[in-house]
Amino acid sequence: MRIKKTFVTILAFIVWSLSACQNQPVSKEDNLTQSGDEVEGIKSDQATDYPALNVVTDNPVLGDESRFVRIAPWKDDGVTNLQDFQTGEVTIEAGKSYAVMIYYHNAADLDLGAAGNAVDTVLLLTYPETMQKGETNAIAGNFAYGDDLQSSMIMDWVNLVAADDLRLQPGIIMPDTEPEYCAMLCDNYGENWSVQNPAVNFQDGVASQFFMFDNIAPGYDGAGFVFLKLDAVAE
């Protein structure tokens, strides 16, 4: 997949912005919305006439899709229910692992066909490399998609509160595999799993990972989840 020049510039700015504000908590009211077409949110029985990710306010499973970044305690048996994932603020403890879930759903009208696809979609996930006890920081996800003529972005985050001095690092999501993977993708129905192992980049104490999508088709058949395991290691 080709990442257009526009997105290279946009994502570089996002990384810089997140590095500058990573050490302070943020509120949902400050969230970025679609930059190409301003969308405040629609109901699940509605659709847009252009690609629009995570704008449905009453998703039958997740509720408000704008809260598409969620965190739950990691369960070694792999049985983590959607109800376990939290938004808003989560306390992180050294010696424990956490499952990060990022959801995506394109609310474009199905009748648009290929014109409704969210093309050249990139997900940028950022989180603090280290945290000190009592510090509040954020893990953030940003979707950028579209072409050079029409591009959009949407961001969400969860505030992290450190219970101990710790370092956050990708964990092994599937043990006893070669190579070792830290992320998994699945469709909206919990089927058709695949694994990824995106590189971790560090800049000014911020860790970032990129996930690439060719097209995200409209409707729930094109929707899905990204799951990442993060280990909180004592410093």
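Cut-offs applied
Residues numbered from 1 in each chain as written. Predicted model: local features only at pLDDT ≥ 70, side-chain atom pairs only at ≥ 80, totals over all residues. Heavy atoms only, no water. 1 Å grid on protein atoms, 1.4 Å probe; cavity = no way out; pocket = protein on both sides within 12 Å on 5 of 7 lines; lining within 4 Å. Points joined across faces, edges and corners; volume = space filled by probe spheres on them. Nonpolar A, V, L, I, M, F, W, Y, C, P; charged D, E, K, R; others polar. Core = buried A, V, L, I, M, F, W, Y, C linked by side-chain atoms within 4.5 Å. Buried < 20%, exposed > 50% of the residue type's maximum accessible area, 1.4 Å probe, protein only. Helix = DSSP H or I, 4+ residues; strand = E, 2+ residues; numbered from the N terminus. Pairing = 2+ DSSP bridges. Salt bridge = Lys/Arg side-chain N within 4 Å of Asp/Glu carboxyl O. Axes fitted to C-alpha atoms, helices over the stretch in contact; angles between N-to-C directions. pLDDT = per-residue confidence, 0-100. Contact = heavy atoms within 4.5 Å. Phe/Tyr/Trp six-rings, centres within 6.5 Å; stacked < 30°, edge-to-face > 60°.

### Overview of empty space enclosed by the protein
For the structure shown, the criterion picks out one cavity of 30 Å³ or more. In this structure, the largest cavity spans a volume of roughly 40 Å³. Taken together, Ile71, Ile92, Tyr98, Val100, Ile139, Leu160, Leu168 and Leu230 make up the lining of the largest cavity. For the lining of the largest cavity, the per-class residue count stands at eight nonpolar, no polar and no charged.

### What about the nonpolar core?
Residues Ile102, Ile139, Phe143 and Phe213 are the most contacted members of the largest nonpolar core, which totals 47 residues. Core analysis: the second largest hydrophobic core is formed by five residues, Ile42, Val55, Val56 and Ala107 among them.

### A word on the pairing of strand β9 (residues 183–187)
For β9, a buried count of five out of five residues is recorded, marking the element as mostly surrounded by other parts of the structure. Neither face of β9 is open: one carries Ala183, Leu185 and Asp187, the other Met184 and Cys186, and all of them are buried. Of the pairings in the sheet, the one linking β9 to strand β10 (residues 194–196) comprises three bridges and is antiparallel in character. The residue of β10 that forms the bridge with Leu185 is Ser194. From the end of β9 to the start of β10, which pair antiparallel, there are six residues, and Gly190 there has a positive phi angle of about 75°.

### Regarding the pattern of salt bridges
When their charged atoms lie close together, side chains carrying opposite charge are able to pair. All chains considered together, the criterion is met by five salt bridges. Taking the shortest distance from any N to any O, the salt bridge between Asp84 and Lys75 comes out at 3.3 Å. On the accessibility criterion, Lys75 (33% relative accessible area) is partly exposed. Put simply, Arg167 and Glu235 hold a salt bridge, and the shortest N to O gap is 3.3 Å. Separated by 68 residues along the polypeptide, Arg167 in strand β8 (residues 166–170) and Glu235 in the segment after β13 (224–234) bring together distant segments of the chain. Taken together, the shared-partner salt bridges in this structure form one network comprising Glu129, Arg167 and Glu235.

### Points about the pairing of strand β1 (residues 69–73)
Among the five residues that make up β1, four are buried, leaving the element largely enclosed by the rest of the structure. Examined bridge by bridge, β1 and strand β3 (residues 97–104) share five bridges and lie antiparallel to one another. Looking at the pairing, Val69 lines up with Ile102 of β3.

### Here we look at the sheet that holds strand β6 (residues 136–146)
Pairing within the open sheet is mixed, and its six strands lie in the order β2-β7-β6-β4-β12-β11. The open sheet has two edge strands, β2 (89–92) and β11 (201–203), and neither has a second partner. Across the sheet, the mean angle from the axis of one strand to that of its neighbour is 30°, orientation sign disregarded.

### Examining the confidence of the model for the protein
Averaged over every residue, the pLDDT of the protein is 84; residues scoring 70 or more account for 81%. Of all the helices and strands in the protein, helix α1 (residues 5–21) carries the lowest mean pLDDT, 47, while strand β5 (residues 130–131) carries the highest, 97. Overall, residues 1–10 carries pLDDT values under 50, and its contacts beyond four positions in sequence, including any with other chains, amount to 23 contacts. Segment residues 15–21: pLDDT under 50, and nine contacts once partners within four positions in sequence are set aside and those in other chains are kept.

### A closer look at the packing of aromatic side chains
Evaluation of the coordinates by the stated rule reveals eight aromatic pairs. With a centroid separation of 6.1 Å and an interplanar angle of 50°, the aromatic rings of Phe85 and Phe227 are classed as tilted. Note that Phe85 is positioned in the loop between β1 and β2 and Phe227 in strand β13, a separation of 142 residues in sequence. Exposure remark for Phe85: the relative accessible area of 7% places this residue in the buried category. Classification of Phe227 by relative accessible area gives buried; the value is 15%. Here the aromatic cluster, defined as three or more aromatic residues joined through ring pairs, consists of Phe85, Tyr103, Trp193, Phe225 and Phe227.

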